[in-house]
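Close look at the chain arrangement
Take a look at the letters that make up each chain.
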Amino acid sequence: LSSHIQFGATSVTTFALFLCHKIEPALYNAVCKRTAKAIAEDMQGKFPDFQGNRANLEVCILRYLAEQENFEYYKQYLWSPKQFCQSYIETRVRSYCLNGSRRLRIFLDCFDILYKNILSAISLSTQIVKDRKDREDKVSLWLDEFCRELTEVINLPRSDLKGIEHLEVTDIEFLSSAMTKALDDLRERLMKELAGAKLSSFPRQPHTILAEHFSGCWAQCPFCGAVCTNTMQNHDGDHQVVFHRPQALTGFTWWKIFPGIEYNTHELIIDICSSLVASDCRFKFGGGPWIPYKTYRNAGPPVSTWNILPDPSMQAYWKWFVSHFRTQLEALYNGKFQGKGEIPEGWRRVTKQEALSELEKC
Ligand SMILES: [Zn+2]
Ligand SMILES: [Zn+2]
């Protein structure tokens, strides 16, 4: 009898160690995955920036840029809006998670939920096996139930556990308590590991999850650089924006054309695309032909993929921006706000506050 018990105990120990060895990395990954999601959700609940749609985030970014008054940031935003938006989100997530105790709390909350799920899977499987007195292959049945219970919780394929399914275990209650004990040790180890875990080691980081929430079309108006407002990537139909911007933001300048001669005046264009499409002006890209704005689609793609409706309304924000950063814009594009590019007196009177409050009303 004593040798039988000895044999049984060894089997059970082998079983528990093997199973915990499989559970450990699966649980660790599940905690990281859940934590990334929890941080993203937490931030969506707490930061107004992340509570609305992308149009709302855009307003928050424009406000941030105006508060910083850093032309380098504007340059990044105007030239690469998608990258800027992603790094804006990433920076916010990083500073939110710098708070080590907050991060650890989220980690432990996630860990607790998953750990409790595993414990309850142990007791459920044990109960089921005890009720099935007809079955000889107790361990195999126990594993079937255990993995089934945890399908949604951790990634623990039943097929990975074939090595232990034929172990001879008669006392399933003993197996259950051995598992609980082994899990306790695993818990200690994982807690230590999680306390030092870095966000960057996550397979999917919280800022990626947040950024996905604000995906959509990132096409930029070929004239002014404003970003298409369609919420679908690769959407049907034309790209469109509510407000076009002064073309000086992308460095467009006025040209003078005489028979046989044309030259760049380097006077920056302060007009917006939606005003110009109603005018008799013409444009060209690079060495291409001059095309009337009224029939801008004749320029072919990408211009022809945009629907630019005549609309003279310009946001106060860009009037403030152009007046405030006139010197930097002139230097950046080797142009001048002179002649046809003269900044109207009214623009110079727009205060940052006025620009921002108008932005928030939309
Ligand atoms: Zn435009
Ligand atoms: Zn679009």
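This one's a predicted model, so the numbers in the text were calculated from it and none came from an experiment. (Residues numbered from 1 in each chain as written. Chains lettered and ligands numbered in written order. Predicted model: local features only at pLDDT ≥ 70, side-chain atom pairs only at ≥ 80, totals over all residues. Heavy atoms only, no water.)

1. Description of the overall build of the protein
The helix and strand inventory of the protein stands at 13 helices and four strands. Relative to a compact globule of 362 residues, whose C-alpha radius of gyration would be 21 Å, the protein shows 32 Å and is clearly more extended. When the backbone C-alpha atoms are referred to their principal axes, the protein occupies close to 110 × 40 × 30 Å. In the protein, buried positions account for 44% of the 362 residues. In the protein, of all internal contacts separated by at least 6 residues, the share reaching a separation of at least 24 is 69%. Separation of charge centres in the protein, based on 43 positive and 42 negative side chains, amounts to 5 Å. (Helix = DSSP H or I, 4+ residues; strand = E, 2+ residues; numbered from the N terminus. Rg over C-alpha atoms; globule rule 2.2 N^0.38 Å. Buried < 20%, exposed > 50% of the residue type's maximum accessible area, 1.4 Å probe, protein only. Contact = heavy atoms within 4.5 Å. Lys, Arg positive; Asp, Glu negative; His and termini not counted. Charge placed at Lys NZ, Arg CZ, Asp CG, Glu CD.)

2. As for the side chain of S176
As for its position among the elements, S176 is in helix α7 (residues 172–195). Those residues in contact with S176, other than ones at most four positions away along the chain, are I122 and T126.

3. Considering the coordination of the zinc ion (ligand 2)
At 2.0 to 2.3 Å from the zinc ion (ligand 2) lie its protein donor atoms, namely C217 (SG), C228 (SG), H235 (NE2) and H239 (ND1). Each of the four donor atoms around the zinc ion (ligand 2) contributes to a set of angles spanning 97 to 122°, which defines the coordination as tetrahedral. One chain supplies every donor to the zinc ion (ligand 2), and in sequence these donors are spaced C-x10-C-x6-H-x3-H. Linking C217 in the loop between α8 (206–213) and β1 (253–258) with C228 in the loop between α8 and β1, this pair joins segments that are eleven residues apart in sequence. Residues C217 and C228 agree in their burial class; the two are buried. (Donors = N, O, S within 2.8 Å, 3.2 Å for Na, K, Ca; no water. Tetrahedral: all angles 85-135°; square planar, octahedral: opposite > 155°, others 65-115°.)

4. Focus on the environment of V350
Mapped onto the elements of the fold, V350 is located in the loop between α12 (345–349) and α13 (352–361). In sequence terms V350 and L119 are 231 residues apart; their C-alpha atoms lie 64 Å from each other.

5. With respect to the coordination of the zinc ion (ligand 1)
Reference values for angles at a metal are 109.5 degrees in the four-donor tetrahedral case and 90 or 180 degrees in the six-donor octahedral case. The zinc ion (ligand 1) binds to the protein through C221 (SG), C224 (SG), H244 (ND1) and C273 (SG); the donor distances cover 2.0 to 2.3 Å. Classification of the site at the zinc ion (ligand 1) rests on its four donor atoms, whose angles at the metal span 106 to 112°, yielding the label tetrahedral. When the donor residues of the zinc ion (ligand 1) are listed from N- to C-terminus, their spacing reads C-x2-C-x19-H-x28-C. Linking C221 in the loop between α8 and β1 with C273 in helix α9 (residues 273–276), this pair joins segments that are 52 residues apart in sequence. A single burial state applies to C221 and to C273, both of which are buried.

6. A closer look at helix α5 (residues 100–131)
Between its first and last C-alpha atoms α5 spans 47 Å; for 32 residues at 1.5 Å apiece the expected length is 46 Å, and the two agree. Among the residues of α5, those classed as buried are I106, F107, C110, F111, L114, Y115, I118, A121, I122, S125, T126 and V129. (Expected span 1.5 Å × (residues − 1).)

7. Some remarks on the domain arrangement of the protein
Structurally, the protein comprises domain 1 (2–207) and domain 2 (247–361). Domain 1 and domain 2 are separated by 52 Å when their C-alpha centres are compared. Taken together, the contacts link 14 residues of domain 1 with 15 residues of domain 2. For the pair domain 1 and domain 2, the summed buried area comes to about 1300 Å², and 73% of that belongs to carbon and sulfur atoms. At the surface where domain 1 touches domain 2, the tally comes to two salt bridges. (Domains from an automatic or database assignment. Buried area = accessible area lost by both parts, 1.4 Å probe. Salt bridge = Lys/Arg side-chain N within 4 Å of Asp/Glu carboxyl O.)

8. Details of α13
Within α13 the residues assigned to the buried category are A355, L356 and L359. Down the axis of α13, the sector holding all buried residues measures 95°, keeping them to one side. Exposed residues pointing more than 90 degrees away from the buried face of α13 are listed as Q353 and K361. On its buried face, α13 sits against α2 (54–68) and α10 (316–324). (Arc of directions from axis to C-beta.)

9. Notes on the nonpolar core
In this structure, L19, W142 and F321 are the most contacted members of the largest nonpolar core, which totals 99 residues. Tallying contributions element by element places helix α1 (residues 2–46) first for this core, with 16 residues. Viewed by domain, this core spans two of them, domain 1 (2–207) and domain 2 (247–361), each represented by three or more residues. With 20 residues, the next largest nonpolar core counts V241, C273, V277 and I308 among its residues. (Core = buried A, V, L, I, M, F, W, Y, C linked by side-chain atoms within 4.5 Å.)

10. Quick word on the pairing of β1
For β1 and strand β2 (residues 261–268), the ladder comprises six bridges, and the chain directions are antiparallel. Note on β2: the bridge partner recorded for W255 is N264. Following β1, the chain reverses through two residues before pairing antiparallel with β2; G260 in that reversal takes a positive phi of roughly 85°. (Pairing = 2+ DSSP bridges.)

11. A short note on the side chain of E165
On the secondary structure map, E165 appears in the loop between α6 (138–149) and α7. Of the residues examined, E165 reaches a relative accessible area of 13% and is grouped as buried. With near-sequence residues (within four places) excluded, E165 lies in contact with V139, S140, L143 and R158.

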